[in-house]
Amino acid sequence: MTITVAAATADQMSHIAGLLEEMDRFYGATEVEPLDVRFRQIHQALWSDPPAGYALLAWDGEEAVGIASYSFLWPAEGLTRSLYLKELYVAESAQRRGVGTALMNALFDLAAKHECSRVEWTTDTGNRGAQYFYDELGQETLPTKLFYRASHPAQQAKLGTARGRQAGTERSG
């Protein structure tokens, strides 16, 4: 297996959609959007102006075997930026064959090229395979951070403001 990694392009939409559908099913999805909806969502995320994020694809010959989606965040350390890895997924058929490592190395190279001070990511607490993979790469967890998520932000905006006033504070740390 010879793995190559390159930036995803719009003509690779079916490969991207296929890997992301497999990833969704890995995380428990039983239904996914119709293909035309997924294509529209992928196109809006990766090729709108400005893009919401970027993606790398890992290839074994003509077969797409992995994907990494990422964004740049600012500020990070000082006034530098960081590269945030949102999703790393390797097709089940290609796991434990160096695909994840190739994607991570490509991300680290991108971060260096863009003068990022760090690369950051999360993983689900129950995803032991991912945790083992990151541990094997020599990456440790950062116990000083907590991860928060507001689902459906438009609905949460009013609730958060009301809660902040009730608690006597509207600041975030």
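The preceding data block contains the structure.
Thoughts on the pairing of strand β3 (residues 63–73)
As paired elements, strand β2 (residues 54–60) and β3 share seven bridges and run antiparallel to each other. Each bridged residue has a counterpart across the sheet, and for A55 the counterpart in β3 is S69. In sequence, β2 turns back onto β3 through a hairpin of two residues, with G61 there showing a positive phi of about 65 degrees. Examined bridge by bridge, β3 and strand β4 (residues 82–90) share eight bridges and lie antiparallel to one another. Paired with G66 across the strands is V90, a residue of β4.

Describing the layout of surface pockets
Of the pockets and cavities examined, the largest pocket occupies roughly 1900 Å³. In this structure, the largest pocket is lined by 50 residues; those nearest its centre are W121, T122, T123, A130 and Y134. At the level of elements, α1 (13–26), β4, α3 (99–113), β5 (118–121) and α4 (128–136) are the ones that each hand at least two residues to the lining of the largest pocket. Among the residues forming the lining of the largest pocket, the class breakdown is 24 nonpolar, 13 polar and 13 charged. The volume enclosed by the second largest pocket comes to roughly 490 Å³.

Criteria and cut-off values
Residues numbered from 1 in each chain as written. Predicted model: local features only at pLDDT ≥ 70, side-chain atom pairs only at ≥ 80, totals over all residues. Heavy atoms only, no water. Pairing = 2+ DSSP bridges. Helix = DSSP H or I, 4+ residues; strand = E, 2+ residues; numbered from the N terminus. 1 Å grid on protein atoms, 1.4 Å probe; cavity = no way out; pocket = protein on both sides within 12 Å on 5 of 7 lines; lining within 4 Å. Points joined across faces, edges and corners; volume = space filled by probe spheres on them. Nonpolar A, V, L, I, M, F, W, Y, C, P; charged D, E, K, R; others polar.

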